[in-house]
Amino acid sequence: MKMEKNFKRWVFFFVLLPFSVFLVVLNVASWKLMIRNHKTSLTSVVESVGNDFDALLSTETVRLQNIGLLPNVDSLLASTERVRRNALPQRRDQIESIRERWPNLQRDDYEVREILDNSVGEIFQRICANESYTAQLILTDADGQVVAASSKPDQYSYATDEWWIRAHTREQSQPVSDGLSSQGAMGISLAVRDCQRTN
């Protein structure tokens, strides 16, 4: 009986206990290896997505710069700049009135048609119709007021929006983006014309 008890004790200490310790060490090592492999996999996915995002941003920047080179864009901005410089107090009051009424204006209202139906707005509409990944294009003047758009923007003036301020104060070749939204959309802003230049 005593021999059997000692035998069980020796089996426990020299067989079961080392085997249990071996299993625990094996599980811990396997878990660490799995986590390391998972981190490596995630790192490569993140790097790939980051590279894709950078490539997309570069492509869209060049595309926006090319749109900014269109003669219609330059002439529209030049004319709005001249109007802005020579603006009478009544014109400023009219702009403020449009800002206040903008959320309630419809597509057929003159103020909205003036933005959507000019030559640049029509180009923007064609671009958005032909490229499903482009949701909206907006062109503002040096004061942040919308002068052309592919569809009615949410607001008439973007001068106080952070993205507009950042884009307006950067050089022409530097885009501004807040990254991807929760809906998977990415907004890109770019100054298409030197805001210091006058005509």
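Residues numbered from 1 in each chain as written. Predicted model: local features only at pLDDT ≥ 70, side-chain atom pairs only at ≥ 80, totals over all residues. Heavy atoms only, no water.

Moving on: the overall build of the protein chain. Regarding its fold elements, the protein chain presents six helices and four strands. Sequence-ordered secondary structure for the protein chain, helices as α and strands as β, is α-α-α-α-α-β-β-α-β-β. Within the protein chain, buried positions represent 27% of all 199 residues. Look at the contacts in the protein chain between residues 6 or more apart in sequence, and 50% of them connect residues 24 or more apart. Total accessible area on the protein chain is roughly 13800 Å²; 58% of this is exposed by carbon and sulfur atoms. (Helix = DSSP H or I, 4+ residues; strand = E, 2+ residues; numbered from the N terminus. Buried < 20%, exposed > 50% of the residue type's maximum accessible area, 1.4 Å probe, protein only. Contact = heavy atoms within 4.5 Å. Areas by Shrake-Rupley, 256 points an atom, 1.4 Å probe, with all protein chains shown as cover.)

A word on the pairing of strand S3 (residues 176-180). One ladder, built from three bridges, connects S3 with strand S4 (residues 186-189); its direction is antiparallel. From the neighbouring strand, Ser177 faces S4, where its bridge partner is Ile188. Where S3 folds back onto S4 in an antiparallel hairpin, the turn is made up of five residues, including Gly184, whose phi is positive at roughly 90°. (Pairing = 2+ DSSP bridges.)

With 15 residues, the main nonpolar core has Ile67, Leu76, Val120, Phe124, Leu137, Leu139 and Ala148 as its most contacted residues. Among the elements that line this core, the one with the most residues is helix H5 (residues 119-130), at five residues. In this structure, Val120 is in contact with Asn72, Val73, Leu76, Leu139 and Ala148, ignoring residues within four places of it in sequence. (Core = buried A, V, L, I, M, F, W, Y, C linked by side-chain atoms within 4.5 Å.)

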